[in-house]
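Listed below are the residues making up each chain.
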Amino acid sequence: MKIVVVGCGKIGKSIIASLVEEKHELIAIDLNPDVVTQVANEYDVMCICGNGTEYDKLLDAGTDKADLFIAVTNLDELNMLSCFAAKRMGAKHTVARIRNTQNNTNRSLEFLKGQLELDMSINPEMLTAKALCDILKLPSALKVETFSSRRLELLELSLKADSNLDGMSIIDLRKNIRTRFLICTVSRGGKIYIPNGNFILHKGDKIGVIVPEENTDKILSVFGAGQKTIRNAIILGGGMTSLYLADLLVKNKIDVKIVEKDKKKCEELCAALPDKVSVICGDGMSQELLAEEGISDTDAFVSLTGMDEQNILISFYALARNVSKVIAKVNREELSSLAEKLGLDCLVSPKDISADIIVRYARGLRNSIGSKVETLYSLLNGEAEALEFKVMPDFSFVNAPLKTLHFRENILLAGIIRGRDAIIPNGDDVIRPNDKVIVIAAGQRLYDLGDIIEE
């Protein structure tokens, strides 16, 4: 597809990188000439220096023939105007980044999308806050992804050094556990495995587990990751993500403190958040300040400043003070890898979360037959994907027992959601029209459910 991206900041670059990997034809627009040069050199895409609302620049980018137009600058108004102009010029589909809290109510978004003929909006800060809230509700997990109204969950867990599962095969584990679950991915020594029953688990493995939502607590207990309820949390940094996260945590009955050194931001947070949230005006990198605010007694610490290095350093300090759940926002991949090697294994990346949403949408626009991509998540630092497909009535393999189908290598059919039922499938199960099917793919990309089967 031909795709135009306006705005080449952290979010825009991540989207461009992901779409280039998907083999789309990309044209990027940004006001900063240095950024334009960097993007052109790094991703080998056509770049235009200019304002994404200027008719001539949009015309030069071929917006009138674009299959998808994406505006992700830091300004909501520019994004919305760019998308409106693009749609009027002939772009088939438009996506705008809209961050303002007042514009992100359901009522406001529906109005804006209708008036601007906008096909989709994304809010990276809100998406990140929701991901963080899911982790804090299940603090024993490194990552939590959900499918179809939360019927099935995908948990990323780390097998601890003292785990009694070290050296156990998956088939033996399943014999001992009656709870329905499926180990779908294992990361070990830089390699990704989609394991079979004979696969032997080892300490240090990072494991992806699909489980029905009602069985989550049991599975966490099996893996030695019993739940500790988060009662209070300290958030470092007073940006939009912190605002959204604090609001979500209060709704989940978690006490919240936000530490922010900018006085104006503190005043804005106080005005926007419930009185239950404590806003501390001070330097969150000060160990003395954090000690005064009770970091040693807090259950969770989330570092969300605008600097990856700060988030990593202060998170290690929180770990040293025995905070049970520590999460850092880190966008740079090289820093994420370094932090994980040093022991900080719970990280979130707003740019990656946003890129997943856009990639899923772009795949959904392809002329697929028999299925539609509903959800897409990157797993294990992008080495694998979890996709949720909706099965259409014309899917070629409906009602065929799974044991009669020949699945491609490094593909796993991990779950079926049928109405209110969440199914961990076996060979006798079948795929029916209107099912939601969850597929894990390692080292490859899927665009259609039929791609998983060798004919």
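Data block above holds the structure.
Residues numbered from 1 in each chain as written. Predicted model: local features only at pLDDT ≥ 70, side-chain atom pairs only at ≥ 80, totals over all residues. Heavy atoms only, no water.

J.: I'd like a rundown of the overall build of the protein chain, residues and numbers included.
T.: Helix and strand content of the protein chain: 14 helices and 22 strands. Over its C-alpha trace the protein chain gives a radius of gyration of 23 Å, about what one expects of a compact globule, namely 23 Å for 455 residues. Burial analysis of the protein chain (455 residues in total) assigns 54% to the buried set. Carbon and sulfur atoms make up 46% of the accessible area of the protein chain, which totals about 20,800 Å². (Helix = DSSP H or I, 4+ residues; strand = E, 2+ residues; numbered from the N terminus. Rg over C-alpha atoms; globule rule 2.2 N^0.38 Å. Buried < 20%, exposed > 50% of the residue type's maximum accessible area, 1.4 Å probe, protein only. Areas by Shrake-Rupley, 256 points an atom, 1.4 Å probe, with all protein chains shown as cover.)

J.: Break down the sheet that holds strand 9 (residues 182-188) for me, with residues and values.
T.: Taken together, 5 strands build an open sheet; the order of strands is 7-8-11-9-10 and the sheet is antiparallel. The open sheet has two free edges, formed respectively by strand 7 (143-147) and strand 10 (191-193), since each of these has just one partner strand. Across the sheet, the axes of successive neighbouring strands diverge by a mean angle of 15°, strand direction being ignored. The pairing of strand 7 with strand 8 (residues 152-158) spans 5 bridges and is classified as antiparallel. The residue bridging Val-144 from the neighbouring strand is Leu-155, located in strand 8. (Pairing = 2+ DSSP bridges. Axes fitted to C-alpha atoms, helices over the stretch in contact; angles between N-to-C directions.)

J.: Any details on the pairing of strand 3 (residues 46-49)? Residues and values, ideally.
T.: Two strands pair when backbone bridges link them, and strand 2 (residues 25-30) and strand 3 are joined in this way by 4 bridges, in the parallel orientation. Its bridge partner being in strand 3, Ile-27 is matched across the sheet by Met-46. Read from strand 2 through helix 2 (residues 33-43) to strand 3, the crossover connection turns out right-handed. (Right-handed = clockwise from strand over helix to strand, strands pointing away.)

J.: Outline the side chain of Lys-325, supporting the account with residue identities and numerical values.
T.: By the secondary structure assignment, Lys-325 is in strand 16 (residues 325-329). Summary of buried charges: Lys-325 has no salt-bridge partner, and the nearest side chain of opposite charge, Asp-345, is 6.1 Å away. Only 2.7 Å separates the side chain of Lys-325 from the backbone oxygen of Ala-141, close enough to count as a polar contact. Setting aside residues no more than four positions away along its own chain, Lys-325 makes contact with Ile-135, Leu-136, Pro-139, Ala-141, Leu-142, Ile-230, Asp-299, Ala-300, Phe-301 and Cys-346. (Lys, Arg positive; Asp, Glu negative; His and termini not counted. Salt bridge = Lys/Arg side-chain N within 4 Å of Asp/Glu carboxyl O. Polar contact = N/O pair within 3.5 Å; in protein donor to acceptor, adjacent residues only side chain to side chain. Contact = heavy atoms within 4.5 Å.)

J.: An account of the nonpolar core is requested, with residue identities and associated values reported.
T.: Ranked by size, the top nonpolar core spans 45 residues in total, and within it Leu-19 and Ile-70 carry the most contacts. Leu-19 has contacts with Ile-3, His-24, Leu-26, Ile-70, Ile-358, Val-359 and Ala-362, leaving out every residue within four places of it along the chain. Counting residues in each nonpolar core, the second largest holds 28 residues, with Ala-246, Leu-249, Ala-300 and Leu-304 among its members. (Core = buried A, V, L, I, M, F, W, Y, C linked by side-chain atoms within 4.5 Å.)

J.: Tell me about helix 5 (residues 106-116), and please be specific about residues and values.
T.: One full turn of an α-helix is made of 3.6 residues, so residues set three or four places apart face in the same direction. Within the sequence span of helix 5, burial applies to Leu-109, Leu-112 and Leu-116. Looking straight down helix 5, one finds its buried side chains confined to an arc of 70°; they lie on one side. The exposed set on the far side of helix 5, more than 90 degrees from its buried face, consists of Asn-106, Arg-107, Glu-110, Phe-111 and Gln-115. Tucked into the core, helix 5 has its buried residues touching helix 4 (76-89) and strand 6 (120-122). Downstream of helix 5 by one or two residues, Glu-117 has phi in the positive range, about 55°. (Arc of directions from axis to C-beta.)

J.: Any details on unusual backbone geometry? Residues and values, ideally.
T.: Residue Lys-23 is not a glycine yet carries a positive backbone phi of 70°. The topology assignment puts Lys-23 in the loop between helix 1 (10-21) and strand 2.

J.: Describe in detail the packing of helix 6 (residues 124-137) against helix 9 (residues 240-251), supporting the description with residues and values.
T.: The axes of two packed helices give the description: the angle between them and the distance between them. Their axes nearest at 8 Å, the elements helix 6 and helix 9 cross at an angle of 40°. One finds that helix 6 runs oblique with respect to helix 9. Handedness of the helix 6/helix 9 crossing: right-handed. Here Glu-125, Met-126, Thr-128, Ala-129, Lys-130, Leu-132, Cys-133 and Leu-136 of helix 6 lie close against helix 9, whose contacting residues are Met-240, Thr-241, Tyr-244, Leu-245, Leu-248 and Leu-249. (Parallel < 35°, antiparallel > 145°, perpendicular 65-115°, else oblique. Left-handed = near helix turned anticlockwise from the far one by under 90°.)

J.: Describe the pattern of salt bridges, naming the residues involved and giving the relevant values.
T.: Scanning the entire structure with this criterion turns up 24 salt bridges. In this structure, the salt-bridge partner of Glu-117 is Arg-88, at a minimum N-O distance of 3.3 Å. In this pair, Glu-117 sits in the loop between helix 5 and strand 6 while Arg-88 sits in helix 4, placing the two residues 29 residues apart along the sequence. Residue Arg-88 is classed as exposed on the basis of its relative accessible area, which comes to 58%. The shortest N-O distance in the salt bridge between Lys-436 and Glu-374 comes to 3.6 Å. Separated by 62 residues along the polypeptide, Lys-436 in strand 22 (residues 436-442) and Glu-374 in strand 18 (residues 371-379) bring together distant segments of the chain.

J.: Just give me the short version of the sheet that holds strand 19 (residues 384-391), but keep the residues and values in it.
T.: If you walk across this open sheet you meet the 5 strands as 18-19-22-20-21, and the pairing is antiparallel. Each edge of the open sheet is held by one strand with a lone partner, namely strand 18 and strand 21 (421-423). Taking each pair of neighbouring strands and ignoring which way they run, the sheet shows an average axis angle of 20°. Pairing analysis gives 6 bridges linking strand 20 (residues 411-418) to strand 22, with the strands arranged antiparallel.

J.: Provide a residue-level description of the packing of aromatic side chains, including the pertinent values.
T.: All chains considered together, the criterion is met by 4 aromatic pairs. Seen in terms of ring centroids, Phe-147 and Tyr-377 are 5.5 Å apart; in terms of plane orientation they differ by 75°. Their pairing is edge-to-face. Taken as a pair, Phe-147 in strand 7 and Tyr-377 in strand 18 lie far apart in primary sequence, 230 residues in all. Ring geometry for Tyr-193 and Phe-199: centres 5.4 Å apart, planes at 50°, overall tilted. It is Arg-174 that lies over the ring of Phe-181; its NZ or CZ is 5.2 Å from the centre. The positively charged end of Arg-363 is found above the aromatic ring belonging to Tyr-447, 5.1 Å away from the centroid. (Phe/Tyr/Trp six-rings, centres within 6.5 Å; stacked < 30°, edge-to-face > 60°. Lys NZ or Arg CZ within 6 Å of the ring centre and 35° of its normal.)

J.: Describe the side chain of Asp-30, listing the residues and the values that go with them.
T.: By the secondary structure assignment, Asp-30 is in strand 2. Despite its burial, Asp-30 pairs with no opposite charge, the nearest such side chain being Lys-13 at 8.5 Å. Beyond its immediate sequence surroundings of up to four residues, Asp-30 is in contact with Gly-7, Cys-8, Gly-9, Val-35, Val-36, Ile-48, Cys-49 and Gly-50.

On their own, these measurements won't tell you what the molecule is for.
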